[in-house]
Amino acid sequence: MGGPSPRLLAGLAAAHLPAVVALRRDVHAHPELARAEHRTTAAVSALLSAGGLEVRALPGTGLVAETGPARGPAVGVRADLDALPLQELTGLPYASTVPGVAHACGHDVHTATVAGAALVLADLHRAGALGHRVRLLFQPAEEVMPGGALDLVAAGVLEGVAALYGLHCDPTLDVGTVGLKAGPITSASDHVTVRLSGTGGHTSRPHLAGDLVFALGQVVTQLPAVIARRVDPRAGVNLTWGAVHAGDAANAVPAEGYAAGTLRCMETDAWQHAGELVEEVVADLVRPYAVRSEVSLVRGVPPVDNDARATSVLEDAARAVLGREAVLPTRQSLGGEDFAWYLHDVPGAMVRLGTRTPGGPVHDLHRGDYAPDEAAIGAGVRVLAAAAAAPRALLR
């Protein structure tokens, strides 16, 4: 694939690994929610500035760093900074010190891995071994809809970027392996909230109150079923509820209640139309029960659609630095990722980074006990640095 040798990359990555792991543990212990990643931004900025990179703060939170020749097109590499609003349950010595906030999606690993790749690339530039610019994007607010990627695009971070690469932790893959596929690798995702309201009343006379809980039950059970019948099943449409609430007393019909969840689609075309059905179907479902409905649909993200050439660059890089058998085929998931917004403007690809200790259990993402094996960081640093430094990375 050209570019620096795997042995050189391994040596440079190993030299930076202690500082990079320390960054990850610091960020993990002090997680920050979307658009509040001030401490995280400052920690990344300090490490990269000390490593000789040009660092520019973004409005609010997040930063952009660059290395390589001053002119010409750039290769972009992206990390995300924010944590999730849930309680950590790992018991690690560097566990979250912030109650109810944790890095349970691996963004701390993403941040540390891209920072490590940045330091390696800066070393290559100083040695005259980096033939093009590389721009590192440290993005806030991936976990909220429609995602902080749109903020960065609006800030002009893609100007001059010819191709973009990223990674995401995968707890089903062993450390030292990666998952790749060309084409869609994630799905579109929207947030859906259905609120019902009525007069309320006594449970002995539901016919006088309008049985809101029963109506909400119809929405929770029937809306996913109807949507699945109204949209082409090949589009992989899925509506799953994450929160349902109505009332507090066993003998009182509540006056209001809600259900909130995510609507996911594997195909962009289906995504454009599935959301339009929700309000129509909800109104039909609750009409017999004398309650009112209000639907809020927050448009989220389209699928991440990996460019075939960019996927090939990542595949060659992973095979070179991790071994011929390290690249595993992967399937499109129903997860959403705002990396997709960047790919509307530039070609690129995302690779899944194995974070499971070989032979160990699988602790899924967005769980309080998710604890990735830190050996994944070194593997990710080498893959991203090799891909970003490859002459082919510009996709020319």
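For the structure itself, look to the data block above.
Treat the numbers as computed from the prediction; the structure is a model and nothing was measured.

Calculation notes
- Residues numbered from 1 in each chain as written.
- Predicted model: local features only at pLDDT ≥ 70, side-chain atom pairs only at ≥ 80, totals over all residues.
- Heavy atoms only, no water.
- Helix = DSSP H or I, 4+ residues; strand = E, 2+ residues; numbered from the N terminus.
- Buried < 20%, exposed > 50% of the residue type's maximum accessible area, 1.4 Å probe, protein only.
- Contact = heavy atoms within 4.5 Å.
- Lys, Arg positive; Asp, Glu negative; His and termini not counted.
- Charge placed at Lys NZ, Arg CZ, Asp CG, Glu CD.
- Pairing = 2+ DSSP bridges.
- Axes fitted to C-alpha atoms, helices over the stretch in contact; angles between N-to-C directions.
- Core = buried A, V, L, I, M, F, W, Y, C linked by side-chain atoms within 4.5 Å.
- Salt bridge = Lys/Arg side-chain N within 4 Å of Asp/Glu carboxyl O.
- Parallel < 35°, antiparallel > 145°, perpendicular 65-115°, else oblique.
- Nonpolar A, V, L, I, M, F, W, Y, C, P; charged D, E, K, R; others polar.
- Expected span 1.5 Å × (residues − 1).
- Arc of directions from axis to C-beta.
- Phe/Tyr/Trp six-rings, centres within 6.5 Å; stacked < 30°, edge-to-face > 60°.

Visitor: Sorry if this is basic, but what is going on with the overall build of the protein here?
Guide: Counting secondary structure elements, the protein contains 10 helices and 16 strands. Over its C-alpha atoms, taken along the principal directions, the protein stretches across nearly 80 × 45 × 45 Å. Residue burial in the protein is summarised as follows: out of 396 residues, 53% are buried. At a minimum sequence separation of 6, the contacts of the protein that also span at least 24 residues come to 81%. Across the protein, the 31 positively charged side chains and the 40 negatively charged ones have centroids separated by 4 Å.

Visitor: Please clarify how the sheet that holds strand β6 (residues 178-180) should be interpreted in this entry.
Guide: As summarised here, the arrangement of the 8 strands in space is β1-β2-β4-β3-β5-β16-β6-β15, forming an open sheet in which the pairing is mixed. Both outer strands of the open sheet, β1 (54-57) and β15 (327-329), are each paired with one neighbouring strand and no more. Put simply, the sheet's adjacent strands are angled 30° from each other on average, direction ignored. Across 7 bridges, strand β3 (residues 74-80) lies against strand β4 (residues 133-139) in parallel orientation. For G76, the partnering residue across the bridge sits in β4 and is R135. In the packing of helix α2 (residues 38-50) onto the sheet, the strands contacted are β1, β2 (63-67) and β4, and the crossing angle to β2 comes to about 15°. Contacts from helix α10 (residues 375-389) reach β3, β4, β5 (161-174) and β16 (348-356), with the element oriented near 160° to β16.

Visitor: Sorry if this is basic, but what is going on with the nonpolar core here?
Guide: In globular proteins that are soluble, nonpolar side chains generally tend to be buried together. Counting residues in each nonpolar core, the largest one holds 65 residues, and the members touching the most others are L48, L53, V120, L124, L136, F138 and Y165. It is helix α3 (residues 107-126) that contributes the most residues to this core, 11 residues altogether. Ignoring sequence-local partners within four residues, the contact set of L53 consists of L48, A65, E66, T67, A118, L119, A122 and L136. One finds L164, L212, A270 and L277 within the second-largest nonpolar core, a separate group that totals 48 residues.

Visitor: For this particular structure, what's the right way to read the pattern of salt bridges?
Guide: Here the idea is simple: oppositely charged side chains can pair when their charged atoms come close. Under the defined criterion, the tally for this structure stands at 20 salt bridges. For R133, the salt bridge is made with E66, and the minimal N-O distance between the two is 3.3 Å. Here E66 lies in strand β2 and R133 lies in strand β4, a separation of 67 residues in the sequence. A residue is classified by how much of its surface remains accessible, and E66, at 18% relative accessible area, is buried. Notably, a salt bridge pairs R299 with D190, separated by 2.8 Å at the nearest N-O pair. With R299 in strand β13 (residues 292-301) and D190 in strand β8 (residues 188-197), this residue pair connects regions lying 109 residues apart in the sequence. Exposure remark for R299: the relative accessible area of 30% places this residue in the partly exposed category. Through salt bridges with shared partners, a single ionic network connects R24, R25, D108 and E374.

Visitor: Explain the packing of helix α1 (residues 6-29) against α2 here, please?
Guide: Helix-helix packing: each pair is described by the crossing angle between the helix axes and the interaxial distance. Their axes nearest at 10 Å, the elements α1 and α2 cross at an angle of 170°. Relative to α2, the element α1 lies roughly antiparallel. Touching A19, L23, D26 and V27 of α1 are R39, T40, A43, V44 and L47, all from α2. Split into classes, the residues belonging to the contact of α1 with α2 amount to 6 nonpolar, 1 polar and 2 charged.

Visitor: Can you walk me through the pairing of strand β12 (residues 256-265) in this structure?
Guide: In summary, the side chains of a regular strand alternate between the two faces of the sheet. Counting buried positions along β12 yields 7 of 10 residues, so the element is predominantly enclosed. Across 10 bridges, the pairing between β8 and β12 is antiparallel. Within β12, the position partnered with V194 by the bridge is A259. Taken together, the 8 bridges between strand β10 (residues 238-246) and β12 define a ladder with antiparallel strand orientation. Each bridged residue has a counterpart across the sheet, and for N238 the counterpart in β12 is R264.

Visitor: I would appreciate a short explanation of α2 in the present structure.
Guide: It helps to recall that an α-helix has 3.6 residues per turn; residues three or four apart then point in one direction. In this model α2 runs 18 Å from its N-terminal to its C-terminal C-alpha over 13 residues, within 8% of the 18 Å that 1.5 Å per residue would give. Listed as buried for α2 are T40, T41, A43, V44, L47 and L48. Each buried residue of α2 lies within a common arc of 165° when the element is viewed along its axis, so the set occupies one face. If you follow the buried residues of α2, they end up packed against α1, β1, β2, α3 and β4. Immediately downstream of α2, the backbone of G52 shows phi near 90°, a positive value.

Visitor: Explain the packing of aromatic side chains here, please?
Guide: Two measures describe an aromatic ring pair: the distance that separates the ring centres and the angle between the ring planes. Enumeration according to the criterion identifies 3 aromatic pairs in this entry. Measuring from ring centre to ring centre gives 6.0 Å for F339 and Y342, while their planes differ by 65°; the resulting arrangement is edge-to-face. In this pair, F339 and Y342 both sit in helix α9 (residues 339-342), 3 residues apart, roughly one turn of the helix. On the basis of relative accessibility, which here comes to 0%, the residue F339 falls in the buried class. Residue classification places Y342 among the buried positions, given a relative accessible area of 0%.

Visitor: Would you take a moment to explain the side chain of T41 for this structure?
Guide: Its place among the elements puts T41 in helix α2. Ignoring anything within four residues of it in the chain, the contact list for T41 reads T61, G62, L63 and L81.

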